[in-house]
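Now for the letters of each chain:
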Amino acid sequence: SSLWIIGAICVALTPSVVSAQGHDREARALFRRGVAAAEESRWEEARELFVQADSLMAHPNIRINLAAALVRTGRLREAIALYDLILEEHAAQIRGRRAELQTALAEVRGRLATLEVELDRPADGDVLEVDSDAVTIEGGRARVPADPGHHVIEVRRGSETIARREVEVVEGQRLVVSLELSAPSTSE
């Protein structure tokens, strides 16, 4: 099970900046609403509330709960990036929970799917995209970590899409996708 921390946000408020206090109060209220949504398994709502709280106050408890909500909504890659950020940016604040967070991170990494894309006859300059993100091709192959769900794989040559495939993956699945590409035009 993914790490889930339901805790208070304990941040000392300095009276020097009133607007900062307002942001902190608003962040706490959003956090509490996110926790309530999570307790009722309304994960999309919880995720959105934690995103809003995090935009106002970058606190490890908000981010840890956001990471858990990302996992629950199938956004594993975002959760991994956030766990990495928490471990790096909040090292002093999470010292006592570091091992637990590292375990949660390893668990989420293990749940990622992998798309292995094999290109037959790629040409110099061909661009492989997975969900509109460019992916590095090495030796006609690319290995792409993927969230569970629907993905669109495309190969572009110049402004033309020369290959397209839509796939579905589940957690932990390794899917090999072979794309046969047309030979480059010699009229150029």
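One can find the structure itself at the top, above this paragraph.
Residues numbered from 1 in each chain as written. Predicted model: local features only at pLDDT ≥ 70, side-chain atom pairs only at ≥ 80, totals over all residues. Heavy atoms only, no water.

A. Here's a closer look at the side chain of Asp147. Looking at the secondary structure, you find Asp147 in the loop between strand E4 (141-146) and strand E5 (149-157). Arg77 provides the closest opposite charge to the buried, salt-bridge-free Asp147, at an N-O distance of 5.4 Å. Polar side-chain contacts of Asp147 include one of 2.9 Å to the backbone nitrogen of Leu76. In this view, Asp147 contacts Gly74, Arg75, Leu76, Arg77, Leu112 and Val169; residues no more than four positions away in its chain are not counted. (Helix = DSSP H or I, 4+ residues; strand = E, 2+ residues; numbered from the N terminus. Buried < 20%, exposed > 50% of the residue type's maximum accessible area, 1.4 Å probe, protein only. Lys, Arg positive; Asp, Glu negative; His and termini not counted. Salt bridge = Lys/Arg side-chain N within 4 Å of Asp/Glu carboxyl O. Polar contact = N/O pair within 3.5 Å; in protein donor to acceptor, adjacent residues only side chain to side chain. Contact = heavy atoms within 4.5 Å.)

B. Molecular detail of the packing of helix H2 (residues 43-56) against helix H3 (residues 60-72). For the pair H2 and H3, the least separation of the axes is 9 Å and the interaxial angle reads 150°. Our classification of the angle between H2 and H3 gives roughly antiparallel. As for how H2 packs across H3, the hand of that crossing is left-handed. Residue-level contacts link Trp43, Ala46, Arg47, Phe50, Val51, Ala53 and Asp54 of H2 to Ile62, Arg63, Asn65, Leu66, Ala69, Leu70 and Arg72 of H3. (Axes fitted to C-alpha atoms, helices over the stretch in contact; angles between N-to-C directions. Parallel < 35°, antiparallel > 145°, perpendicular 65-115°, else oblique. Left-handed = near helix turned anticlockwise from the far one by under 90°.)

C. Representation of the pairing of strand E6 (residues 160-169). As judged from the nine bridges shared by E5 and E6, these two strands associate in the antiparallel manner. Across the sheet, the residue bridging to Glu154 is Arg164, located in E6. As consecutive antiparallel partners, E5 and E6 are separated by two residues, and within that stretch Gly158 has a phi angle of approximately 65°, a positive value. (Pairing = 2+ DSSP bridges.)

D. Representation of the packing of aromatic side chains. Summed over all chains, the structure comprises one aromatic pair. Measuring from centroid to centroid gives 5.8 Å for Phe31 and Phe50, while their planes differ by 50°, and the two rings are tilted. Taken as a pair, Phe31 in helix H1 (residues 18-39) and Phe50 in helix H2 lie far apart in primary sequence, 19 residues in all. Assigned by exposure class, Phe31 and Phe50 land together as buried. (Phe/Tyr/Trp six-rings, centres within 6.5 Å; stacked < 30°, edge-to-face > 60°.)

E. Expanded view of the sheet that holds E4. With mixed pairing, three strands are arranged side by side in an open sheet as E4-E1-E7. With partners counted over all chains shown, the strands left at the sheet margins are E4 and strand E7 (174-180), one partner each. Adjacent strand axes in the sheet meet at a mean angle of 20° when their direction is disregarded. Strand direction decides the pairing type here: strand E1 (residues 113-120) and E4, joined by six bridges, are antiparallel.

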